[in-house]
Amino acid sequence: LTRGGFLAHYCNKLTLLAMYLSAVIHDLEHPGCNNDFLVASEDHLASLYNDRSPLENHHLATAFTLLKRPENNFLAHLPKADRMALRKAVIELVMATDMKNHFSIVSQFSAVHRLGGG
């Protein structure tokens with residue numbers, strides 16, 4: 001995946017790790033309903049996250065809480081700057097899975113490629 005192919009053009013190894021980690025955690029503890037339902041039903045997660053992407057916020061908070069446990073923290077060996085960059089990337093990637101953001105993200109991606117930026 002990283003040898004001169006599609007991904008090598010777009011990301012380094014830390015970004016690739018962020019993508020893999022995001023894929024693993026993006027539906028952690030998913031309750032089987034969508035954000036709109038949680039907000040409309042005044043669910044605890046909607047209240048906790050002020051009606052803004054409650055599922056994605058919950059997936060992230062749960063994952064990062066689990067990763068703080070010494071037995072789960074496979075990132076502890078990374079320099080702090082790398083851990084912080086990884087965390088930021090994972091947050092952006094998981095938050096992007098909220099379907100309310102889908103069309104905006106696709107539009108931005110398409111614009112960059114039309115302008116030759118990618």
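Before reading further, recall that the structure is shown in the block above.
Residues numbered from 1 in each chain as written. Predicted model: local features only at pLDDT ≥ 70, side-chain atom pairs only at ≥ 80, totals over all residues. Heavy atoms only, no water.

Trainee: Can you tell me about the environment of Arg-87, naming the residues and giving the values?
Mentor: Mapped onto the secondary structure, Arg-87 falls in helix H6 (residues 80-95). Residue class for Arg-87 comes out partly exposed when judged on its relative accessible area of 36%. (Helix = DSSP H or I, 4+ residues; strand = E, 2+ residues; numbered from the N terminus. Buried < 20%, exposed > 50% of the residue type's maximum accessible area, 1.4 Å probe, protein only.)

Trainee: Before we move on, could you go through unusual backbone geometry and cite the residues and values that matter?
Mentor: Despite not being glycine, Glu-29 shows a phi value in the positive range, around 55 degrees. When you line up the elements, Glu-29 lands in the loop between helix H2 (13-25) and helix H3 (35-40). Phi is positive for Ser-53, close to 45 degrees, though the residue is something other than glycine. Structurally, Ser-53 is set in the loop between helix H4 (44-48) and helix H5 (54-68).

Trainee: Please provide a residue-by-residue account of the side chain of Glu-56, values included.
Mentor: Residue placement: Glu-56 occurs in helix H5. No salt bridge is formed by the buried Glu-56, whose closest oppositely charged neighbour, Lys-100, lies at an N-O distance of 10.0 Å. Within polar-contact distance, the side chain of Glu-56 engages the side chain of Asn-35 at 2.8 Å. Setting aside anything within four residues of it in sequence, one finds Glu-56 in contact with Asn-35, Val-94, Met-95, Thr-97 and Asp-98. (Lys, Arg positive; Asp, Glu negative; His and termini not counted. Salt bridge = Lys/Arg side-chain N within 4 Å of Asp/Glu carboxyl O. Polar contact = N/O pair within 3.5 Å; in protein donor to acceptor, adjacent residues only side chain to side chain. Contact = heavy atoms within 4.5 Å.)

Without other data, these values stay purely geometric and don't point to any function.
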